[in-house]
Amino acid sequence: MEGFRTFLLRGNVVELAVAVVVGTAFTSIVNSVVEGVINPLVGAFGTKDLDAYQSCLRGPCEVNAAGEIVSGIPIRWGSVLSASLTFLITAGVVYFLMILPLTRYQARRQAKVPVAPVVQTELELLAEIRDELVAQRTHRTEAVTVGAQRSDLPDEPRERE
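Each value, and the rule that gives it
Per chain, the residues get numbers from 1 upward, laid out in the order the sequence is written. Where local features are concerned, this predicted model is filtered to residues with pLDDT of at least 70; where side-chain atom pairs are given and counted, the filter is 80 or more; whole-chain, interface and lining totals use all residues. Only heavy atoms go into the side-chain values, all of them from the structure, while hydrogens and water stay out. In DSSP terms, a helix is any run of H or I states spanning at least four residues, a strand is any run of E spanning at least two, and both are numbered starting from the N terminus. Residue contacts are defined here by distance: any two heavy atoms, one from each residue, within 4.5 Å place the two residues in contact. The method behind every accessible area is Shrake-Rupley, applied with a 1.4 Å probe, and residues are considered shielded solely by the protein chains displayed. Disulfides are defined in this document as cysteine sulfur pairs within 2.5 Å. Only protein chains enter the accessibility calculation, which uses a 1.4 Å probe; a residue is then buried when its area is under 20% of its type maximum, exposed when over 50%, and partly exposed in between. Note on pairing: DSSP must find at least two bridges between two strands before they are called paired. Note on aromatic contacts: the rings of Phe and Tyr and the six-membered ring of Trp form a pair at centre separations within 6.5 Å, being stacked when their planes are under 30 degrees apart, edge-to-face when over 60 apart, and tilted otherwise. When a carboxyl oxygen of Asp or Glu is within 4 Å of a side-chain nitrogen of Lys or Arg, the pair counts as a salt bridge. Helix span, as expected, comes to 1.5 Å for every residue beyond the first. Two axes enter the bend calculation: one fitted to the seven residues ending at the residue in question, the other to the seven starting there, and the bend is the angle between them. Residues enter patches when they are more than 30% accessible in relative terms and free of salt bridges; like-charged ones are connected within 9 Å and nonpolar ones (Val, Leu, Ile, Met, Phe, Trp, Tyr) within 5 Å. For every residue, the pLDDT score states the predictor's confidence, bounded by 0 at the bottom and 100 at the top.

*Asks:* Explanation requested: the overall build of the protein in the structure shown.
*Replies:* Secondary structure summary: the protein contains four helices and two strands in total. N-terminal to C-terminal, the α/β element order of the protein is α-α-β-β-α-α. If you take every contact in the protein between residues at least 6 apart in sequence, the share linking residues at least 24 apart comes to 34%. Approximately 14,000 Å² of the protein is accessible, and the part contributed by carbon and sulfur atoms is 63%.

*Asks:* Even after reading the chapter, I still don't get the state of the cysteines, so can you show me in this structure?
*Replies:* A covalent bond bridging the sulfur atoms of two cysteines is what the word disulfide describes. Within the structure shown, the criterion is met by one disulfide. What pairs with Cys56 in a disulfide is Cys61, and their sulfur atoms sit 1.8 Å apart. Because the torsion about its S-S bond is 95 degrees, the bridge between Cys56 and Cys61 counts as right-handed. Assessed through its relative accessible area of 24%, Cys61 is described here as partly exposed.

*Asks:* Looking at this structure, how should I read the pairing of strand β2 (residues 69-75)?
*Replies:* Put simply, side chains in a regular strand alternate between the two faces of the sheet. Bridging between strand β1 (residues 55-63) and β2 involves five bridges; their strand directions are antiparallel. Bridging from a neighbouring strand, Ser55 pairs with Ile75 of β2. As consecutive antiparallel partners, β1 and β2 are separated by five residues, and within that stretch Gly67 has a phi angle of approximately 90 degrees, a positive value.

*Asks:* Hey, could you run me through the packing of aromatic side chains in this one?
*Replies:* Aromatic ring pairs are described here by two measures, namely the spacing of the ring centres and the angle between the planes. A complete count under the given rule lists two aromatic pairs for this structure. Centroid distance Tyr95 to Phe96: 5.0 Å. Interplanar angle 80 degrees. Geometry classified as edge-to-face. Judged by its relative accessible area of 40%, Tyr95 is partly exposed.

*Asks:* Is there a simple way to think about the pattern of salt bridges in this case?
*Replies:* Where charged atoms from two side chains of opposite charge come close, those side chains can pair. As enumerated under the stated definition, the model contains one salt bridge in all. The partner of Asp131 in a salt bridge is Arg130, with the nearest N and O atoms 2.9 Å apart. Exposure remark for Asp131: the relative accessible area of 44% places this residue in the partly exposed category.

*Asks:* Which parts of the structure should I look at to understand the environment of Ile38?
*Replies:* Here Ile38 lies in helix α2 (residues 11-43). Placed eleven residues apart in sequence, Ile38 and Asp49 show a C-alpha to C-alpha distance of 9.8 Å. Setting aside residues up to four positions removed in sequence, Ile38 forms contacts with Val33, Leu85 and Ile89.

*Asks:* Looking at this structure, I do not really get helix α3 (residues 77-112). What am I missing?
*Replies:* Side chains that are three or four residues apart share a direction in an α-helix, a result of its 3.6 residues per turn. End to end, α3 covers 51 Å across 36 residues, agreeing with the expected 52 Å (1.5 Å per residue, within 8%). Along α3, the largest kink reaches about 40 degrees and is centred on Tyr95. All buried positions along α3 are accounted for by Gly78, Ser82 and Thr86.

*Asks:* What is the right way to read a nonpolar patch on the surface from this model?
*Replies:* A contiguous nonpolar surface patch, about 670 Å² in accessible area, is contributed by Val18, Val22, Tyr95, Phe96, Leu97, Met98 and Ile99. At the level of secondary structure, the elements contributing two or more residues to the nonpolar patch comprise α2 and α3. Of all the elements, α3 adds the most residues to the nonpolar patch, at five residues.

*Asks:* Would you take a moment to explain the side chain of Ser82 for this structure?
*Replies:* Within the secondary structure layout, Ser82 lies in helix α3. If near-sequence neighbours (up to four positions away) are discounted, Ser82 is found in contact with Val34, Leu50 and Asp51.

*Asks:* Whenever I open this one, the confidence of the model for the protein confuses me. Can you help?
*Replies:* Atom-level detail of predicted coordinates should not be read off regions where pLDDT is low. When pLDDT is averaged along the protein, the result is 76, and 81% of the positions lie at 70 or above. By mean pLDDT, the top-scoring element of the protein is α3 (84), and the lowest-scoring one is helix α4 (residues 122-152) (72). Between residues 144-153, whose pLDDT stays under 50, and residues either more than four places distant or in other chains, the model counts zero contacts.

Right, here's the structure in full:
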């Protein structure tokens, strides 16, 4: 039981539970906005219910008295559009009202925290000193080699006139 209790009280599980509860409550608000605002705006150009928008594949769709489709293949693109609008509105509100302010708040908190200087270990310092000494030795050797090659070059014989 102790392990289970530790698992439940971990931050990620609690945050996930809160997110599910808030998301569920928020879904009803978004559905109300879609049904109360978006659908009437769409209704100004056509039918008020987005779910009623559909196209028929393979000829006209015939419906019997029970509301079942007898012939044709209906493509209900209105319900896809309604679900897409609901998703976009939900994602936009969550981002602009929850994520963006939280990110800005965390950035401000991080800016106030003093940055600790990077402390190098003895091994890193010794490696830096070694690399610097090797680099200095390599540059001297190249300078001497280049200088010696220039000074050791025989003069080109001049042609006599």
